[in-house]
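Residue-level structural notes
The chain contents come next:
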Amino acid sequence: MKQIEIQIICMRMKLNSHSLYVLLHLGSYSQLMGEPLSLWFRRVSTPVLKSKEMCFARRILRSFQLGNYKDFFCTAAAQASYLQFCIMTPYINEVRALALSCINFGGYKLHPYPLLDLSKHLMIKESDLESFCDSCGLETCTGESGNKLLPTKQTTFNHPKGGLQGYSFFGLQEYER
């Protein structure tokens, strides 16, 4: 009986370590970390690839690489463990900056984007989002009804250099300190 329990624990640790390895390769600097993930995935067994932990990590990786910020944030909020959240934390603001860039350059100039709606999509407090926009070189304004807005087509957008402060993340408040 003890042998079976040990095997189960070892398998859980293997599944978890493989999924964490994938999450560590999210960023653009991950090429410096050895072989590409595409080669690494070929050596991973099918049961490991189909595990809950690995399905989560692969979905987060796919959302990150495709720039699907909505799926990235929804999946992270719904399924991330504390350790997975800690590993993903540096990439959350990177995805937010990408989303701001898409909305800024893709929006219609005459229709500014409401910060309240944007804060829900990016899972960030509205006040933090205003500060984040400022860090990205974007100006916000207040509309006639008193709502804060993000005018689109601003040419001052830039990806913040040197990292960003830790902003809130709705859905994982119990993990944040």
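Residues numbered from 1 in each chain as written. Predicted model: local features only at pLDDT ≥ 70, side-chain atom pairs only at ≥ 80, totals over all residues. Heavy atoms only, no water.

**Details of the side chain of His18**
Put simply, the test is: For helices the rule is a DSSP run of H or I covering at least 4 residues; for strands it is a run of E covering at least 2, with both sets numbered from the N terminus onward. Only protein chains enter the calculation, and the probe is 1.4 Å; a residue is then buried if its accessible area is under 20% of its type maximum, exposed if over 50%, and partly exposed in between. For this analysis, residues touch if any pair of their heavy atoms sits within 4.5 Å.
Mapped onto the elements of the fold, His18 is located in helix α1 (residues 2-23). Classification of His18 by relative accessible area gives buried; the value is 19%. When sequence neighbours within four positions are dropped, the list of residues in contact with His18 reads Trp40, Val44, Val48 and Met54.

**Focus: the nonpolar core**
Definition in use: Here the nonpolar core consists of buried residues drawn from Ala, Val, Leu, Ile, Met, Phe, Trp, Tyr and Cys, with membership extended through side-chain atoms lying within 4.5 Å.
Of all hydrophobic cores here, the largest spans 46 residues; its most connected members are Leu23, Phe73 and Leu100. Listed by contribution, the elements that provide at least two residues to this core are α1, α2 (37-42), α3 (46-49), α4 (52-66), α5 (69-79), α6 (82-106), α7 (115-122) and α8 (126-135).

**Re the packing of aromatic side chains**
For clarity, the cut-off: Aromatic rings from Phe, Tyr and Trp, with only the six-membered ring used for Trp, were paired whenever their centres fell within 6.5 Å, and each pair was classed as stacked if the ring planes differed by under 30 degrees, edge-to-face if by over 60, and tilted otherwise.
Under the criterion given, the structure shown has six aromatic pairs. For the ring pair Phe64 and Phe72, a centre distance of 6.2 Å and an interplane angle of 50 degrees mean the geometry is tilted. For the pair shown, Phe64 and Phe72 are each scored as buried.

**A short note on the confidence of the model for the chain**
Where we set the bar: A residue's pLDDT is the predictor's confidence in that residue, given on a scale from 0 to 100.
Per-residue pLDDT for the chain has a mean of 84; in total, 86% of the residues score no lower than 70. The least confident element of the chain, judged by mean pLDDT, is α1 at 78; the most confident is strand β3 (residues 148-150) at 94.

**Regarding the pattern of salt bridges**
Oppositely charged side chains are able to pair whenever their charged atoms sit close together. The line we're drawing: Take a side-chain nitrogen of Lys or Arg and a carboxyl oxygen of Asp or Glu: if they are within 4 Å of each other, that pair is a salt bridge.
Inspection of every chain in the model, using the stated rule, returns two salt bridges. Across the pair Asp71 and Arg59 runs a salt bridge whose closest N-O atoms are separated by 2.6 Å. Residue Asp71 is found in helix α5, and its partner Arg59 is found in helix α4; the two are separated by 12 residues along the sequence. We classify Arg59 as partly exposed; its relative accessible area is 33%. Put simply, Glu130 and Lys148 hold a salt bridge, and the shortest N to O gap is 3.1 Å. One end of the pair, Glu130, is in helix α8; the other, Lys148, is in strand β3, and 18 residues separate them in sequence. Exposure remark for Lys148: the relative accessible area of 31% places this residue in the partly exposed category.

**What to know about the sheet that holds strand β1 (residues 113-114)**
Defined as follows: We call two strands paired when DSSP finds no fewer than two bridges between them.
In spatial order, the strands read β1-β3-β2; together these three strands make up an open sheet with antiparallel pairing. Because the sheet does not close on itself, it has two edges, and the strands there are β1 and β2 (141-142). When β2 meets β3, the two strands line up antiparallel, connected through two bridges. Within β3, the residue paired with Thr142 across the bridge is Lys148.

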